[in-house]
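Architecture and fold: a report
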Amino acid sequence: TYLLFLPPKGAGPVFLTVWLLVIYVGFSISVLAQTSWASVLSPDYDQRSRIYGFWTTGNVIGILLVLLLPVAVGAMGGTQAEGVAAMGWFIVILLPITIGLAVRRVPEPMPKEASHASLRDYADFLREGSVRRLMITDLLFGLAPGVTGALALFYFQAAKGMEEMQANILIFLYFAAGLIGAALWSWLATKIGKHRALAVAGVMFAVAYIAVALVPAGNFPLICLTMTGVGVPFCAGQVLLRAMLADVGDEDRLKSGKDRTGQLFALLTATNKIGYALAGATFIPLGMAGFNREAGAVQTDQAILALQVLFVGLPILFLLAAAAVIYNFPIDKERQAEIRRQLEARA
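Note that the coordinates shown come from a computational prediction; the quantities given were computed from them, not determined experimentally.

Before going further, it helps to spend a moment on the overall build of the protein. When helices and strands are counted, the protein shows 14 helices and 0 strands. For the protein, the sequential pattern of α-helices and β-strands runs α-α-α-α-α-α-α-α-α-α-α-α-α-α. Taken over the C-alpha trace, the protein has a radius of gyration of 21 Å; the compact-globule value for 347 residues is 20 Å, and the two agree within 12%. Expressed along its principal axes, the backbone C-alpha trace of the protein runs to roughly 65 × 45 × 35 Å. The buried share of the protein, taken over its 347 residues, is 41%. Of the contacts formed within the protein by residues at least 6 apart in sequence, a portion of 79% connects residues at least 24 apart. Here the protein has roughly 17,800 Å² of accessible surface; of this, 67% comes from carbon and sulfur atoms. In the protein, which carries 26 positive and 22 negative side-chain charges, the distance between the mean positions of the two groups comes to 5 Å.

Here you go:
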């Protein structure tokens, strides 16, 4: 983080690429450790939804604080480079403090026996219908916001006539609405079940994209409202898929006799990242349609149409497909309670 956000003078693409790869390896390890750790904090079906709701809330608050730092530095007369440096120092200082507090204060039951990952374990997972459903849903829920992140600035500026500052505000509102969503989806999951709550979120997500597309160009207040609507369901996958995977981990432990929860979460982390990576491929058809990514460039009608189809149409397809895949997920509250009963009887 220090080398990326406060690089030495003369740092070039190779230097930045190397440390970007290193930081993403560390980030992946951190997310995998936190999500699999959270899964063992409670065996209760509903409480797991609440735990991941809190985890996602912390995640979104961190994103918002980091996004606000360059704005605050700029308001005090600082440069853009100083704003980026402030983001780096914020992370460097808080990481050891927050990780230290978590390690010291959050209890974690120790495994009764060592479990070593193997390729055969991952092959076993892929034979399970519940695991495949979660992976496909996670991939689709990664693709939709991935497309949003890749094309948002282009879409708001070229298709909706927004200035750069307005576009940044819209992105901020998108993430801020996740604070509402984290509480909403964990609550709804306790009422109708995690899989149905996730299906509802997928449909709501798709409808919100349609609302964004229908807003007339230049209507900033209305597009703020619609982008907030898009942001509310964006974190549903983070909350509910992980809570559902914790239930799948119980089922796998009942069948295999081994605790392979960490490996399951590694698999889910990979599918989500694949979704975000594939979303970057939208630049290819956008370029083929003649879209010019230079700031202030005049775009053709064909390029604007391609941008609208990619930014709105693709996420809608992904999210409706995700809702259809997850709606009949086999592990509900009753099934999970029976699995836990059998595990406790065996123990």
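Structure's up, so let's keep going.
What the rule picks out here adds up to 3 cavities of 30 Å³ or more. In this structure, the largest cavity spans a volume of roughly 50 Å³. Lining of the largest cavity is provided by F125, E128, S130, V131, V248, E251, D252 and K255. Those elements giving two or more residues to the lining of the largest cavity turn out to be α6 (129-159) and α10 (236-256). By residue number, the principal contributor to the lining of the largest cavity is α10, which donates 4 residues.

Once that is clear, we can look at the nonpolar core. Grouped together as the largest cluster of nonpolar side chains are 76 residues, with contacts concentrated most on L134 and F156. Elements represented by at least two residues in this core include exactly α3 (45-75), α6, α7 (164-192), α8 (194-214), α9 (220-234), α10, α11 (261-279) and α13 (301-326). Per-element accounting of this core gives the leading share, 14 residues, to α6.

So, on to α3. Over its 31 residues, α3 runs 46 Å from end to end, which matches the ideal 45 Å to within 8%, given 1.5 Å per residue. Considering bend angle alone, the principal kink of α3 is centred on L69 and spans about 25°; proline P70 follows within four residues of it. Sitting at the amino-terminal end of α3 is D44, which places a side-chain oxygen 3.2 Å from the backbone nitrogen of D46. Positive backbone phi, approximately 90°, marks G77, located one or two places after α3.

Another aspect to go through is the packing of aromatic side chains. Tallied over the entire structure, the rule returns 13 aromatic pairs. Taken together, a centroid distance of 5.9 Å and an interplanar angle of 70° make the contact between F156 and F311 edge-to-face. Here the residue F156 occupies a position in helix α6, and F311 occupies one in helix α13, the gap between them amounting to 155 residues. The pair F156 / F311 is uniform in exposure class, with both members buried. The structure contains a cluster of three or more aromatic residues connected by ring pairs, namely Y155, F156, F205, Y209 and F311.

Interaxial distance between α3 and α10 falls to 8 Å at its minimum, and their mutual angle equals 140°. The orientation of α3 with respect to α10, classified from their angle, is oblique. Seen along the crossing, α3 lies across α10 with a hand that is right-handed. Counting all contacts with α3, which are made through Y45, R48, S49, Y52, G53, W55, T56 and N59, the residues of α10 involved are Q238, V239, L240, R242, A243, A246, D247 and D250. Residue composition of the contact of α3 with α10, grouped by class: 7 nonpolar, 5 polar and 4 charged.

As a packed pair, α3 and α7 sit with axes 8 Å apart at the nearest point and diverge in direction by 175°. Compared by their axis directions, α3 and α7 come out roughly antiparallel. Taken together, the residues that form the contact of α3 with α7 break down as 13 nonpolar, 7 polar and 2 charged.

The subject of this paragraph is α11. Given a rise of 1.5 Å per residue, 19 residues ought to cover 27 Å, and the 28 Å separating the end C-alpha atoms of α11 matches this to within 8%. Along α11, the positions that sit buried rather than exposed are T261, Q263, L264, F265, L267, L268, T269, T271, N272, G275 and A279. Considering only its buried residues, α11 is in contact with α2 (13-39), α3, α5 (119-127), α6 and α10.

To continue, consider the side chain of Q336. Structurally, Q336 can be placed in helix α14 (residues 333-346). Not counting chain neighbours up to four residues away, the residues in contact with Q336 comprise P43, Y45, R48, D247, D250 and I331.

Criteria and cut-off values
- Per-chain numbering applies: the sequence of each chain, read as written, is numbered from 1 onward.
- A pLDDT threshold of at least 70 governs which residues receive local features in this predicted model, and a stricter bar of 80 or more applies before side-chain atom pairs are shown or counted, although totals over entire chains, interfaces and linings include all residues.
- Excluded from the side-chain calculation are hydrogens and water; included are all heavy atoms of the structure.
- Each helix is a run of DSSP H or I of at least 4 residues and each strand a run of E of at least 2, with the numbering of both proceeding from the N terminus.
- Every radius of gyration here is taken over C-alpha atoms, with the globule rule written as 2.2 Å times N^0.38, N being the number of residues.
- Only protein chains enter the accessibility calculation, which uses a 1.4 Å probe; a residue is then buried when its area is under 20% of its type maximum, exposed when over 50%, and partly exposed in between.
- Residues count as neighbours in contact if any of their non-hydrogen atoms are within 4.5 Å of one another.
- Method for areas: the Shrake-Rupley scheme with a 1.4 Å probe, in which residue coverage is limited to the protein chains shown.
- Neither His nor the chain ends contribute to the count of charged residues, in which Lys and Arg are positive and Asp and Glu negative.
- To locate a charge, take atom NZ for lysine, CZ for arginine, CG for aspartate or CD for glutamate.
- Only protein atoms enter the 1 Å grid used here, on which a cavity is any set of points holding a 1.4 Å probe that cannot leave and a pocket is any open set flanked by protein within 12 Å on both sides along at least five of seven lines; residues with an atom within 4 Å of a point are listed as lining.
- Grid points are joined across faces, edges and corners, and a volume is the space filled by probe spheres set on the points.
- In plain words, nonpolar cores are sets of buried Ala, Val, Leu, Ile, Met, Phe, Trp, Tyr and Cys residues tied together by side-chain atoms within 4.5 Å.
- Expected span, for any helix, means 1.5 Å times one less than how many residues it has.
- Working definition for bend: take the seven residues up to and ending at a residue and the seven starting at it, fit an axis to each, and measure the angle between the axes.
- Counting of polar contacts relies on pairs of N or O atoms within 3.5 Å, with two restrictions inside protein: one atom must be capable of donating a hydrogen and the other of accepting it, and residues adjacent in sequence are counted only when both atoms are side-chain atoms.
- Any pair of Phe, Tyr and Trp rings, taking the six-membered ring for Trp, is counted once the centres come within 6.5 Å. Such a pair is stacked with planes under 30 degrees apart, edge-to-face with planes over 60 apart, and tilted for the rest.
- Helix axes are fitted to C-alpha atoms over the stretch in contact, other axes to C-alpha atoms as well, and angles between N-to-C directions run from 0 to 180 degrees.
- With respect to orientation, any angle under 35 degrees is reported as roughly parallel, any angle over 145 as roughly antiparallel, any angle of 65 to 115 as roughly perpendicular, and every other angle as oblique.
- By convention, the crossing between two helices is left-handed when the near helix turns anticlockwise from the far helix through less than a right angle, and right-handed when the turn is clockwise.
- Any residue outside Ala, Val, Leu, Ile, Met, Phe, Trp, Tyr, Cys, Pro, Asp, Glu, Lys and Arg is labelled polar, Gly included; the first ten of those are nonpolar and the last four are charged.

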